[in-house]
Amino acid sequence: MTIASAIPSTGHGSADLHFGQRIRQDAVRLDRTSLTTLQINVGKFCNQTCEHCHVGAGPHRKEIMTGETAGRVIEWLAASRVPAVDITGGAPELNPSFRRIVESSRALGRRVMVRNNLTVIFEPGMGWLPEFFRDQGVELICSLPCYLEENVDTQRGEGVYEKSIRALKMLNGAGFGPPGELVLNLVYNPVGAHLPPPQKALEEDYRRELGERHGIRFNELFTITNMPISRYASYLKVIGKMDSYMNLLRSSYNPETLPGLMCRNLISVGWDGTIYDCDFNQMLDMAVGNGRPLKLWEAAPEDLIGRDIATGDHCYGCTAGTGSSCGGALV
Ligand code: SF4
Ligand code: SF4
């Protein structure tokens, strides 16, 4: 199997229906059934400018969570029973409150996941990260869109592959990945305008190629579909593939993915404290449940359960083929 292969259409889709119409036709109500994860997006500042980025992140973005907002988020977490925290960005480690958010969440006994782009470890003054991650016992979810240098550098920038491999070796050296207990998961997303290949088969390819070429070990590979929003939408328009990509997502709609959609179990909080049904809706500024915009501290955790999810046609990105979520494929 090659990385360029795509999952064929499941045939469930109807090419011209908006996502909301599609799920109504299937008599599905998309609501939040539990609240197991607080996903904190600390802002759009990043050391990279990847072409597929749904955040539109980069070194010149100024939107970052302040220390005051971080404090209010931690207070809300402390008053809740939400068991897991998923920290993302941008490159979340570059936020001045990053350490505090991780340490406070761990001190509260919560599971902490950090979405790490690997190269941030080599930014000036960031060499402390591997030991900090180890000492805090965080779970790392690291982006590596291919095991081949050319594909990674095409999507993420010149020299990113070489740095990513060096970072993975450092993380292995710090005890992340098997046979140790510290979790190091990798994220694949397609380099072209196609769906991810089957997750388990690709994981085997990654394990073999990264192991044989570099001696790198990791726990799991998550395949994530590129979302047709933000910088990736601009890219699709530039190469003239926006319509064909949307048609691919629509025609690959798979209702079996609906029960596991990540929006059914998490709440996403943005850099200014506003909450959303997911990180994608956050980038589209779609208020939680299509209601009035709410700050995290205006919402009691129990009030978020049972609320309808705000949807749009980008949701076809989560429901195409085997589905896509923060934790990879859904079915
Ligand atoms: S995809 Fe990740 S690493 Fe790349 S620009 Fe966006 S936030 Fe930064
Ligand atoms: S984009 Fe995905 S996670 Fe977000 S609301 Fe739509 S289906 Fe749910």
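Parameters and conventions
- Residues numbered from 1 in each chain as written.
- Chains lettered and ligands numbered in written order.
- Predicted model: local features only at pLDDT ≥ 70, side-chain atom pairs only at ≥ 80, totals over all residues.
- Near = placed C-beta within 6 Å.
- Nonpolar A, V, L, I, M, F, W, Y, C, P; charged D, E, K, R; others polar.
- Axes fitted to C-alpha atoms, helices over the stretch in contact; angles between N-to-C directions.
- Helix = DSSP H or I, 4+ residues; strand = E, 2+ residues; numbered from the N terminus.
- Parallel < 35°, antiparallel > 145°, perpendicular 65-115°, else oblique.
- Contact = placed C-beta atoms within 7 Å.
- Expected span 1.5 Å × (residues − 1).
- Buried ≥ 20, exposed ≤ 12 C-beta atoms within 10 Å, placed from the backbone.
- Arc of directions from axis to C-beta.
- Pairing = 2+ DSSP bridges.
- Left-handed = near helix turned anticlockwise from the far one by under 90°.
- Right-handed = clockwise from strand over helix to strand, strands pointing away.
- pLDDT = per-residue confidence, 0-100.

**Student:** Whenever I open this one, the site of ligand 1 confuses me. Can you help?
**Tutor:** Neighbouring ligand 1 are the residues Cys46, Gln48, Thr49, Cys50, Cys53, Val55, Ala57, Gly89, Gly90, Ala91, Asn117 and Ser143. Split by residue class, the shell around ligand 1 holds six nonpolar, six polar and no charged.

**Student:** Just to check I follow, could you spell out the packing of helix α5 (residues 149-156) against helix α6 (residues 160-173) for this structure?
**Tutor:** Between two packed helices, the angle of one axis relative to the other and the distance separating the axes together describe the packing. Where α5 contacts α6, the two axes come as close as 8 Å, and the packing angle between them is 110°. In terms of axis orientation, α5 runs roughly perpendicular to α6. Where α5 approaches α6, its residues Glu149, Val152, Asp153 and Arg156 are matched on the opposing element by Val160, Tyr161 and Ser164.

**Student:** What exactly am I supposed to notice about helix α7 (residues 199-214) here?
**Tutor:** Since there are 3.6 residues in each turn of an α-helix, residues three or four apart along the chain are aligned in direction. If you check α7, its first and last C-alpha atoms are 21 Å apart, about what 16 residues at 1.5 Å a residue would give, namely 22 Å. Taken together, the buried positions of α7 are Gln199, Leu202 and Tyr206. One side of α7 carries all its buried residues, which in axial view fall inside an arc of 65°. Of the residues in α7, the exposed ones pointing more than 90 degrees away from the buried face are Arg208 and Glu212. Looking at the buried side of α7, the elements it contacts are β5 (184-188) and β6 (221-223).

**Student:** Before we go on, may I ask you to explain the pairing of β5 in this structure?
**Tutor:** Burial analysis of β5 places four of its five residues in the buried class, the great majority of the element. As judged from the four bridges shared by strand β4 (residues 139-143) and β5, these two strands associate in the parallel manner. In the strand pairing of β5, Ser143 is matched with Val187. Where β5 and β6 come together, three bridges link them in parallel fashion. Within β6, the residue paired with Leu186 across the bridge is Leu221.

**Student:** How should I be thinking about the packing of helix α2 (residues 67-79) against helix α3 (residues 98-107) in this particular structure?
**Tutor:** Between α2 and α3, the least distance of the axes is 10 Å, while the angle of their chain directions is 10°. Classed by the angle they form, the pair α2 and α3 counts as roughly parallel. The way α2 lies across α3 gives a crossing that is right-handed. Residue-level inspection shows Ala70, Ile74 and Leu77 of α2 in contact with α3, the latter providing Arg100, Ile101, Ser104 and Ser105.

**Student:** Help me out: how do you make sense of the pairing of β4 in this one?
**Tutor:** Burial runs high along β4: four of the five residues are buried. In the sheet, strand β3 (residues 111-116) pairs with β4 via four bridges, with the strands oriented parallel. Among the inter-strand pairings, Met113 is bridged to a residue of β4, identified as Glu139. The handedness of the β3 to β4 crossover, carried by helix α4 (residues 129-136), is right-handed.

**Student:** How should α6 be read in this particular structure?
**Tutor:** Helix length check: α6, at 14 residues, gives a terminal C-alpha distance of 20 Å against a target of 20 Å (1.5 Å per residue), a fit within 8%. Along α6, the positions that sit buried rather than exposed are Val160, Tyr161, Ser164, Ile165, Ala167, Leu168, Leu171 and Asn172. Angularly, the buried residues of α6 cover 165° about the axis, an arc narrow enough to put them on a single face. On its buried face, α6 is in contact with α4, β4, α5, β5 and α7. Backbone geometry just downstream of α6 places Gly175 in the positive-phi region, at approximately 105°.

**Student:** Honestly, the confidence of the model for the protein in this entry has me stumped. Any pointers?
**Tutor:** When pLDDT is averaged across the protein, the result is 94; 95% of the residues are at 70 or more. Per-residue pLDDT stays below 50 along residues 1-13; that stretch engages in 28 contacts with residues further than four places along the chain or on separate chains.

**Student:** Sorry if this is basic, but what is going on with unusual backbone geometry here?
**Tutor:** With the exception of glycine, the majority of residues adopt a negative phi angle, and the majority of peptide bonds are in the trans configuration. In this structure, Pro179 follows Pro178 across a cis peptide bond, with omega equal to 10°. Mapped onto the elements of the fold, Pro179 is located in the loop between α6 and β5. Positive phi is not limited to glycine here, since Asp285 has a value of about 60°. With respect to the secondary-structure elements, Asp285 resides in the loop between α10 (279-283) and α11 (301-304). The class of Asp285 is exposed, set by 10 C-beta atoms lying within 10 Å.

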